Amino acid sequence: MTERQEDVMSQPVDLIWWITAVEIPAVASLFWLIWRMRGELSTRIDAQRSSHNHDMADLRDGLADFKLDVARNYVSIPYLKDIEKRLTAHLIRIEAKLDHSATAP
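Residues numbered from 1 in each chain as written. Predicted model: local features only at pLDDT ≥ 70, side-chain atom pairs only at ≥ 80, totals over all residues. Heavy atoms only, no water.

K.L.:
I'm lost on the overall build of the chain in this one. Help?
P.N.:
From N to C terminus, the chain includes three helices and zero strands. The N-to-C order of helical and strand elements in the chain reads α-α-α. Buried residues in the chain amount to 0% of all 105 residues. In the form shown here, the chain has an accessible surface area of approximately 10200 Å², with 64% of it arising from carbon and sulfur atoms. (Helix = DSSP H or I, 4+ residues; strand = E, 2+ residues; numbered from the N terminus. Buried < 20%, exposed > 50% of the residue type's maximum accessible area, 1.4 Å probe, protein only. Areas by Shrake-Rupley, 256 points an atom, 1.4 Å probe, with all protein chains shown as cover.)

K.L.:
I'm lost on the pattern of salt bridges in this one. Help?
P.N.:
A side chain of one charge can pair with a side chain of the opposite charge if their charged atoms are brought near each other. Throughout the structure, instances matching the rule amount to three salt bridges. Ionic pairing is found between glutamate 40 and arginine 36, a salt bridge with its closest N-O pair at 3.7 Å. Of this pair, glutamate 40 and arginine 36 both sit in helix H2 (residues 15-73), four residues apart, roughly one helical turn. With a relative accessible area of 40%, glutamate 40 lands in the partly exposed category. (Salt bridge = Lys/Arg side-chain N within 4 Å of Asp/Glu carboxyl O.)

K.L.:
I tried to follow a nonpolar patch on the surface on my own but got confused; where do I start?
P.N.:
A cluster of nonpolar residues, Leu15, Trp17, Trp18, Ile19 and Ile24, forms a patch on the protein surface that exposes about 530 Å² of accessible area. Among the structural elements, leucine 15 can be located in helix H2. (Patch = residues over 30% accessible without salt bridge, like charges linked within 9 Å, V, L, I, M, F, W, Y side chains within 5 Å.)

K.L.:
Looking at this structure, I do not really get the packing of aromatic side chains. What am I missing?
P.N.:
Two aromatic rings, taken as a pair, are described by how far apart their centres are and by the angle between their planes. Applying the stated rule across the entire model yields one aromatic pair. The lysine or arginine in question, arginine 38, covers the ring of tryptophan 35, its NZ or CZ lying 5.7 Å from the ring centre. (Phe/Tyr/Trp six-rings, centres within 6.5 Å; stacked < 30°, edge-to-face > 60°. Lys NZ or Arg CZ within 6 Å of the ring centre and 35° of its normal.)

K.L.:
Would you take a moment to explain a negative patch on the surface for this structure?
P.N.:
A cluster of acidic residues, Asp55, Asp58, Asp61, Asp65 and Asp69, forms a negative patch at the surface. In this fold, aspartate 65 is placed in helix H2. (Lys, Arg positive; Asp, Glu negative; His and termini not counted. Charge placed at Lys NZ, Arg CZ, Asp CG, Glu CD.)

Structure representation (structure tokens):
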């Protein structure tokens with residue numbers, strides 16, 4: 001072998017070969033991996049958004065049903081009027097006692 005051939009063989013890996021054999025496939029595989037992960041993330045976000053919207057609709061319906069149930073079963077207008085009459089009667093009696101004690105020295 002000649003001295004020139006020995007130099008070529010003993011040189012470190014050629015830069016062009018390194019780029020062609022190692023760097024391009026590595027960068028391409030990283031790009032493909034990122035692209036695939038981005039697609040999977042987008043799919044998961046859409047699924048979560050759909051699930052979230054469905055759950056929110058169910059919660060709103062449940063809350064509306066609960067409000068309607070409370071309005072029908074727990075507070076009736078006649079009961080509320082009865083409470084108002086009783087409170088008014090008690091306040092009138094208290095006012096009368098205060099008036100009576102203020103006029104009697």
